[in-house]
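In case you want the letters, here they are:
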Amino acid sequence: MSPTIYTIILSSLATGTIITMTSHHWLMAWVGLEMNTLAIIPIISTMHHPRSTEAATKYFLTQAAASALILFSSMTNAWSSGSWDITQTLTSPSHILLTMALAMKLGLAPVHFWLPEVIQGSTMTTAFIITTWQKLAPMSLIFLTMNNLSTTIFLLMGLLSSLIGGWGGLNQTQTRKIMAYSSIAHLGWMATVSSIMTNILIMNLLIYLVMTTSVFFSLIISKSKTIQDTASTWTLSPTLTIIMMLSLLSLGGLPPLTGFVPKWLVMEELILQGFNFMTTMMALSSLLSLFFYLRLAYTTTLTLSPNTTQTKFKWRFYPNTSAVLLSMPATVSIFLLPLTPLIIL
């Protein structure tokens, strides 16, 4: 794809998200989501390969169905209340339709099946866009309509997503699928707290975006498509190995790192609301996720790949991916925990 076309498509992608995030009219929000979907289809199918074509088709069908549900929800609401305003109180059928549509857009369980398949069929950069930027528009709609959406449905979907995100990632060997299940699990935590405290939802989303960016850039620079590939990361750059390990452990939510902040605050808020059993289940599901993060971290830092060559470093051309982009998200995803009191206040 030529740089000009790629720039136009990326700007359309950004414009679609911004239109959705800034709109107060349901029709404009729908237009933004449609622009977003139509812009990413060519990005997914740039690799002229059956896997990428299949991924693009799956993505288009699920997103088109979700957009149709959002439009249908807003139409039924306008029919009964006479208002197209996003912040207006929704009627009962409308908010159920909207909840399911937004869950489909995000990839929350039980409508998550498209996400691992689409991410596995696309390139690492496209997978990065799908797991980060593509979550912003649906999340902004959840933030705007949270007062009208069903708390019970979101709590159940959040719990189910965190469990499925943990279970699904255990058996994976492909790093993209692991990141997809990681995304499902993190979205589960966000969905759980979205109906209780939206401030924690935004903070959780921002920290998730930074941590995922850090891990994806590490995988892109090291060209690690499978767990086996990560074993030879040390030959590329020992520094990258350490950054990748710490980013993965942060994504798992281990205490000295940034990833612990959202889990801590979400669990504290759930306990304050009296959801003790649910908090326990969420904590146990995060242990499942932590297992596959630890496995990736272990193969990256503590395993030597069976090399026949005697050289310490990979013979390679000058790397075509800039490591400057990695420095900021990596720093934030590792060292943000001491600033937690500022975030809370």
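Calculation notes
- Residues numbered from 1 in each chain as written.
- Predicted model: local features only at pLDDT ≥ 70, side-chain atom pairs only at ≥ 80, totals over all residues.
- Heavy atoms only, no water.
- UniProt positions renumbered as here; feature names shortened; annotations may be inferred.
- Phe/Tyr/Trp six-rings, centres within 6.5 Å; stacked < 30°, edge-to-face > 60°.
- Helix = DSSP H or I, 4+ residues; strand = E, 2+ residues; numbered from the N terminus.
- Buried < 20%, exposed > 50% of the residue type's maximum accessible area, 1.4 Å probe, protein only.
- Lys NZ or Arg CZ within 6 Å of the ring centre and 35° of its normal.
- Axes fitted to C-alpha atoms, helices over the stretch in contact; angles between N-to-C directions.
- Parallel < 35°, antiparallel > 145°, perpendicular 65-115°, else oblique.
- Left-handed = near helix turned anticlockwise from the far one by under 90°.
- Contact = heavy atoms within 4.5 Å.
- Nonpolar A, V, L, I, M, F, W, Y, C, P; charged D, E, K, R; others polar.
- Patch = residues over 30% accessible without salt bridge, like charges linked within 9 Å, V, L, I, M, F, W, Y side chains within 5 Å.
- Areas by Shrake-Rupley, 256 points an atom, 1.4 Å probe, with all protein chains shown as cover.
- Salt bridge = Lys/Arg side-chain N within 4 Å of Asp/Glu carboxyl O.

The protein carries the name NADH-ubiquinone oxidoreductase chain 2 in an unreviewed UniProt entry, which gives Anolis brunneus as its organism. According to UniProt, the comment filed for the protein under the heading Subcellular location (unreviewed entry) is "Mitochondrion inner membrane". What UniProt records for the protein under Sequence similarities (unreviewed entry) is the sentence "Belongs to the complex I subunit 2 family."

A. Quick peek at the packing of aromatic side chains. Here the structure, examined in full by the defined rule, presents five aromatic pairs. Here the aromatic rings of Phe 128 and Phe 216 are separated by 6.0 Å at their centres, their planes lie at 55°, and the arrangement is tilted. Within this pair, whereas Phe 128 is found in helix 6 (residues 124–131), its partner Phe 216 is found in helix 10 (residues 198–222), the two being separated by 88 residues in sequence. A relative accessible area of 15% places Phe 128 in the buried class. Where Phe 260 meets Trp 264, the ring centres are 5.9 Å apart and the plane angle is 15°; that geometry is what we call stacked. Of this pair, Phe 260 and Trp 264 both sit in helix 14 (residues 260–272), four residues apart, which is roughly one turn of the helix. What makes Trp 264 partly exposed here is its relative accessible area of 38%. Three or more aromatic residues joined by ring pairs form one cluster here, namely Phe 128, Phe 216 and Phe 217. Cation over ring: Lys 263 sits above Trp 189, and NZ or CZ is 5.2 Å from the ring centre.

B. Seen up close, the packing of helix 8 (residues 151–170) against helix 15 (residues 276–301). With their axes 8 Å apart at the nearest point, helix 8 and helix 15 run at an angle of 25° to one another. In terms of orientation, helix 8 lies roughly parallel with respect to helix 15. Considering the relative orientation of helix 8 and helix 15, their crossing is left-handed. Contacts from Leu 155, Gly 158, Leu 159, Ser 162, Leu 163, Gly 165, Gly 166, Trp 167, Gly 169 and Leu 170 in helix 8 reach Met 278, Met 281, Met 282, Ser 285, Leu 288, Ser 289, Phe 291, Phe 292 and Arg 295 in helix 15. Each residue belonging to the contact of helix 8 with helix 15 can be placed in one class, and the counts come to eleven nonpolar, seven polar and one charged.

C. How the structure looks around the UniProt feature "transmembrane region" (unreviewed entry) in the protein. Cross-referencing UniProt, the feature "transmembrane region" (unreviewed entry) maps to residues 59–76, 96–115, 152–171, 178–196, 202–221, 233–254, 274–296 and 317–344 in the present numbering. The span residues 96–115 is 65% helix and 0% strand, and its two end C-alpha atoms sit 22 Å from each other. Taken end to end, residues 233–254 is 86% helix and 0% strand, and its first and last C-alpha atoms sit 22 Å apart.

D. Fine view of a nonpolar patch on the surface. Where nonpolar side chains cluster on the molecular surface, the patch consists of Leu 38, Phe 60 and Leu 61 and spans about 300 Å² of accessible area. Within the fold, Leu 38 resides in helix 2 (residues 26–44).

E. Structural detail: unusual backbone geometry. The linkage connecting Ala 109 with the following residue, Pro 110, adopts the cis geometry, with an omega of 5°. For Lys 223, which is not glycine, the phi torsion reads 55° and is therefore positive. Among the secondary structure elements, Lys 223 is positioned in the loop between helix 10 and helix 11 (227–230).

F. Representation of the packing of helix 2 against helix 7 (residues 136–145). At a minimum axis separation of 11 Å, helix 2 and helix 7 run at an interaxial angle of 160°. Taken together, the axes of helix 2 and helix 7 are roughly antiparallel relative to one another. Two packed elements cross with a definite hand, and for helix 2 against helix 7 that hand is left-handed. For the pair helix 2 and helix 7, the contacting residues are Trp 26, Ala 29, Leu 33 and Asn 36 in the first and Ala 137, Leu 141 and Thr 145 in the second. For the contact of helix 2 with helix 7, a count of residues per class yields five nonpolar, two polar and no charged.

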